[in-house]
Amino acid sequence: MDKIMLVVGARPQFIKAAPVVEQELDGYEWLLVHTGQHYDYRMSRVFFEELSIPTPDRQLEVGPMAPAPQVAKMIERLWEVVQEDKPAVCAVFGDTNSTLAGALAADLAGIPLAHVEAGLRSGDMKMPEERNRVITDRLSDVLFVPHKRAADTLKTENVAGKIIEVGDTMYETALKAMPLAEDVKRLSPFGMERGEYVLVTCHRQATVDDAGELGKVVETLFDIPLTVVFPVHPRTEKRLHEFGLWDRWAEHENVTITEPTGYITTLALIYNAAAVITDSGGIQREAYLYDVPTVTLRDVTEWTETVDGGGNVLAGSDPKAIKSAVQKAIDRPIYDRRVRRELVGDPKPSKRIADALGKLASQQRSD
Ligand code: UD1
C-alpha cells in the first residue's frame, strides 16, 4: 500500500502527531519516522507509551550533535527511507531541527510536503525555531494552520502552498488526556496538593544558554512565595552545571527539582498548579486550554491567542516583571477557572489533517 510519511523527532512532535497517526487512512498507510533528535526514555519513549503511539516504522537514531551535522545526518537517513518506501507525501510538525530536516529531505526528493502548525511567527529570526518555521513554510505544498491569524501571516508572505485551517492537535491531545490530568494523586511523587505550587519549565537557547540570563531567572524564582516544581530539561541541566548554578538551585528549600516528566504527569502538574512559568510553546497552550494563569519568560510568543485571551503574560527576563506577573497569577482563585473546550473544533484537527493528506496523496498518484 502507498505510504504517507510523518517525520517526528522531538518531544512536542510526539504529542502533535499522536492523534493524527490514530486516524484511519483510505487507501494509504502511515510511515512513522523518528529522527532520534530526542532519544532517551524520559524525552521520547515515555510519550509513545502514554499516548499509545505505534512504534515508529523507522528509527533514524541521529543522536545529539551540533545542529548542522544533525540536520545533515537526518536528511541523509531520510533519503534512504524515501528510496526504499517511496512515500507519496511527507508531513512535518512544528519547528525543530527534525522539522527542517524532514522539509528539506522531502523537497530534495521531490515529494509533496505538508507542514502541521504552519504560519506561526514570533518575529525573532535569531531563534532557530523561527528560521525552521519560515524555511519549512516556504517549501510546503500544504500548510495546516491552527487559526486564521496564521493563515493571514502566510498570505502576507505570499507562500506558494495551499493553506488549510485545521485547528491545533496539541489542544486536541491535551483535552483528551484531561481526565487523567485532573487526578491529584499524580502530584504525590512531588509531595504537592492542588494549588500549592508553581510549575516552572525552561529550555530555550535564549533563556538557558546565557549564564547571565539563566542566573537572573534562577534568582527570581527563589523569591516566589510558593514552592517551585521544576522538571529540568537536559539542555538546562547541562547549562546549570556549566554555569555553577546547579547546587544553589538544587539545594534551595523553595525548589523541587525533578527529571523531565512524562506527558500525563506534566499535564497534571499544569492542571493543578497555582500558576505556570515557562518558555515552552506547548506548555503555554496546555495551560491556556486548562485556564491556568501563565507567565512566559519571553518578550514575544507565537501563541498570541493565549495572551489576547487573557491568562498568559509575557514577562521576558526582567525580574521585576516576572515577580509582579507571578504574584497576580497566584492571587487568582483556582475555582474561577474554565477549561477552554471550544479550542478543539469538530471535526477534530487530526481528522482534517489526515483527510487532507489522503487527498494530497491521491492527487499525486493521479498526476
Ligand atoms: C528542541 C527544539 C525546540 C523544542 C524542544 C522541546 C530545536 C532547534 N529545538 O530543543 O523547538 O521546543 O526540543 O523539548 O530543534 N538531550 C538529552 N536527552 C534527550 C534529548 C536531548 O539528554 O532525549 C540533550 C541533548 O544532548 C542536547 C540537549 O538535550 O544537549 C538539547 O537537545 P536538542 O535536541 O538540541 O534540542 P532541545 O533543546 O530539546
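As a starting point, this report considers the structure included with it.

Each value, and the rule that gives it
- One numbering rule holds for all chains: residues counted from 1, following each sequence as written.
- Residues qualify for local features only when their pLDDT is at least 70, as the model is predicted, and side-chain atom pairs are given and counted only at 80 or more; totals for whole chains, interfaces and linings, by contrast, use all residues.
- Side-chain measures here rest on the full set of heavy atoms in the structure, leaving out hydrogens and waters.
- Helix and strand definitions follow DSSP, with helices as H or I runs of at least four residues and strands as E runs of at least two, each counted in order from the N terminus.
- Atoms considered for the radius of gyration are the C-alpha atoms alone. The globule rule reads 2.2 Å times the number of residues to the power 0.38.
- Buried means the residue's accessible area, taken with a 1.4 Å probe over protein chains only, is under 20% of the maximum for its type, while exposed means over 50%, and partly exposed covers the values in between.
- In this analysis, two residues are considered to be in contact whenever any of their non-hydrogen atoms come within 4.5 Å of each other.
- Two strands qualify as a pair provided DSSP detects at least 2 bridges between them.
- With axes taken as lines fitted to C-alpha atoms, and helix axes fitted only over the stretch in contact, angles between N-to-C directions fall between 0 and 180 degrees.
- Just to be clear on terms, a salt bridge is a Lys or Arg side-chain nitrogen sitting within 4 Å of an Asp or Glu carboxyl oxygen.

### Section: the overall build of the chain
From N to C terminus, the chain includes 17 helices and 13 strands. Whereas a compact globule of 367 residues would reach a radius of gyration of roughly 21 Å, the chain reaches 20 Å, a difference of no more than 12%. Along the longest, intermediate and shortest principal axes, the C-alpha atoms of the chain span 65 × 40 × 40 Å. Looking at the 367 residues of the chain, the share that counts as buried comes to 57%. Counting only contacts in the chain whose residues sit at least 6 apart along the sequence, the fraction spanning at least 24 positions is 69%.

### Quick notes on the sheet that holds strand S9 (residues 227–231)
Taken in spatial order, the six strands of this open sheet run S10-S9-S8-S11-S12-S13, and their pairing is parallel. The sheet terminates laterally at strand S10 (255–258) and strand S13 (312–314), the two strands that pair on one side only. Neighbour-to-neighbour, the strand axes of this sheet turn through a mean angle of 20°, independent of strand direction. Two strands pair when backbone bridges link them, and S9 and S10 are joined in this way by four bridges, in the parallel orientation. Its bridge partner being in S10, proline 231 is matched across the sheet by threonine 258. Strands strand S8 (197–201), S9 and strand S11 (275–278) of the sheet are contacted by helix H13 (residues 263–271), whose axis makes an angle of about 130° with S8.

### Some thoughts on the pattern of salt bridges
Overall, the coordinates contain 30 salt bridges when judged by the stated rule. Note that aspartate 85 is salt-bridged to lysine 3, the shortest N-O span being 3.1 Å. Taken together, the positions of aspartate 85 in helix H3 (residues 67–85) and lysine 3 in strand S1 (residues 2–8) put the pair 82 residues apart, joining distant regions of the chain. A salt bridge links arginine 340 to aspartate 291; the shortest N-O distance between them is 3.3 Å.

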